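Structural description and commentary
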Amino acid sequence: MKRKGCSIIFVNDQKQVLLFLRDDIPTIPFPNMWDVPGGHVEPGETPAKCIVREMREEMEMDLIGFSLFSITEFPDRIEYTFWKKSNLDINRITLHEGQRLKWFDRQEVENTRLALGFNQILNSFFLQFPE
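Only a predicted model underlies this, so the values are computations on that prediction, with no experimental measurement involved.

**A few points about unusual backbone geometry**
A positive phi angle, near 60 degrees, is found at K15, a position not held by glycine. Mapped onto the secondary structure, K15 falls in the loop between strand 1 (3-11) and strand 2 (17-21). Although it is not a glycine, L116 adopts a positive phi angle of roughly 60 degrees. Tracing the backbone through its elements, the reader meets L116 in the loop between helix 2 (106-110) and helix 3 (118-128).

Shown next as structure tokens:
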């Protein structure tokens, strides 16, 4: 049985998505690459509860008011991706994982190789929520 992952796409009023730069530790998967916030679903946990837990742990954020965007099957996992419209001030977020946060527009996403296959998911997201 494949493991489950959960992620969330935050999109602001400028139609930019929030990504984080993964830690530059050679022993982690995809070090020093841009990624969508999220994590692994623990046994007995729903993907929705997982993303709430992950955002609390990684960004000290109480996440409410989000919706499921997609369920994508990758060779290594099933990814549950949620989304939320939000104009987060990234300078006020306490980041516990990763090096930093940045808002990316559609073109920047298209020109950046993202970790864990998230280019595919974000390309679909931008098609469904065009500028």
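Let us keep going from here.
**Comments concerning the packing of aromatic side chains**
Tallying each qualifying case throughout the model produces five aromatic pairs. Relative to F104, the ring of W34 has its centre 4.9 Å away and its plane inclined at 65 degrees; by these criteria the two rings are edge-to-face. Highlighted residues: W34 in strand 3 (residues 34-35) and F104 in strand 7 (residues 100-104), separated in sequence by 70 residues. Residues W34 and F104 agree in their burial class; the two are buried. Taken together, the aromatic side chains of F69, W83, F125 and F126 make up a single cluster linked through ring pairs. When the ring centre of F104 is taken as reference, the NZ or CZ atom of K102 above it lies at 4.6 Å.

Rules of the game
Residues numbered from 1 in each chain as written. Predicted model: local features only at pLDDT ≥ 70, side-chain atom pairs only at ≥ 80, totals over all residues. Heavy atoms only, no water. Helix = DSSP H or I, 4+ residues; strand = E, 2+ residues; numbered from the N terminus. Phe/Tyr/Trp six-rings, centres within 6.5 Å; stacked < 30°, edge-to-face > 60°. Buried < 20%, exposed > 50% of the residue type's maximum accessible area, 1.4 Å probe, protein only. Lys NZ or Arg CZ within 6 Å of the ring centre and 35° of its normal.

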